[in-house]
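Understanding the architecture of this molecule
Residues per chain, in single letters:
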Amino acid sequence: MQGLKKLSNEEIETQETNTLNYMTNLEALYKAAVDSGIKVTDDEVDENYSKTMSSIESTFNLTEDEFLNKFNLTKDYVKTSLKKELIATTYLQDNSEVSEDEAKNYYNNNKEDFFQIRASHILITKYDEDGKELSDEKKAENKKLAEKILKRVKNGESFDDLALEYSDDSYTASKGGDLGYFGEGTMDENFEKAAFSLENGEIYPEVVETNYGYHIIKVTDKADTFDAVKNSVKTAVLSNKYSEQVQKLFDDAKIDVNEKELKSVSYK
């Protein structure tokens, strides 16, 4: 999937290392899965093969035959590889479930990692329609416009309506400026500092300037309970379990890598 761009020598080396790590981890998982008696059906393999070929066709504009010929592969070889991946993945999922108590315990010990807020904004930009930065004079005009809009919001006018009418963020304007939930470290520093200082339903008292322009900011919700972020917590715990499971199997397995054979692989 890295084939759409030309890679540097360093990127090729990294890709080779990542691929080798994936292959060795897969072998460790597959061996454990077979020892546990895990199997997958031919229908499941066929379905996965069809999805893979469809993805390759849409990404690289290659038909199934063109792809197989280009990389000197056979249909049976690809299906065997996919079957191995499915069996390994099934084993990993079956042995890495997350209980409610585990998730709650992890949340209680890492609350700061999961705290998120939901905010809306009205953006008055610093750039023209071609993406070029405005003159200082035009920026000053836009800042004054943002200050006038903030005053109207403070006087009780609808934030959603003003966002739809004035916001230069076209993606969020039709949604009342809604940016969704986000945690610390994901937004512009000035924007984030202002947003995280607010209580639920509160509007920041001043226009906030960022590299993008001038923002009127309103916090609409705070995800500060376990129930609000339960899915994110379970995903984090599951990711840790996956890593631990793979590492343990890898440490216990005896895997030999034939470097000479790897380097002899060639592609058309």
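Below is a short write-up of the structure.

Definitions and cut-offs
Residues numbered from 1 in each chain as written. Predicted model: local features only at pLDDT ≥ 70, side-chain atom pairs only at ≥ 80, totals over all residues. Heavy atoms only, no water. Helix = DSSP H or I, 4+ residues; strand = E, 2+ residues; numbered from the N terminus. Expected span 1.5 Å × (residues − 1). Buried < 20%, exposed > 50% of the residue type's maximum accessible area, 1.4 Å probe, protein only. Contact = heavy atoms within 4.5 Å. Phe/Tyr/Trp six-rings, centres within 6.5 Å; stacked < 30°, edge-to-face > 60°. Lys NZ or Arg CZ within 6 Å of the ring centre and 35° of its normal.

1. Quick word on helix 4 (residues 75–94)
The end-to-end C-alpha distance of helix 4 is 28 Å, a good match for the 28 Å that 20 residues give at a rise of 1.5 Å each. Inspection of helix 4 places Val 78, Leu 82, Leu 86, Ile 87, Ala 88, Tyr 91 and Leu 92 among the buried residues, and these make up the whole buried set. Of the surrounding secondary structure, the elements contacted by the buried residues of helix 4 are helix 1 (9–35), helix 2 (42–60), helix 3 (64–70) and helix 10 (226–252).

2. Considering the packing of aromatic side chains
Tallied over the full model, the rule gives seven aromatic pairs. Taken together, a centroid distance of 6.1 Å and an interplanar angle of 70 degrees make the contact between Tyr 106 and Phe 114 edge-to-face. For Phe 114, a relative accessible area of 11% puts it in the buried group. Ring centres of Tyr 107 and Phe 114 lie 6.4 Å apart, and the angle between their planes is 50 degrees; this geometry places the pair in the tilted category. We note that Tyr 107, like Phe 114, is buried. One aromatic cluster in this structure is built from Tyr 106, Tyr 107, Phe 114 and Phe 226. When the ring centre of Tyr 49 is taken as reference, the NZ or CZ atom of Lys 79 above it lies at 5.5 Å. Just above the ring of Tyr 30 sits the side chain of Lys 84; from NZ or CZ to the centre is 5.1 Å.

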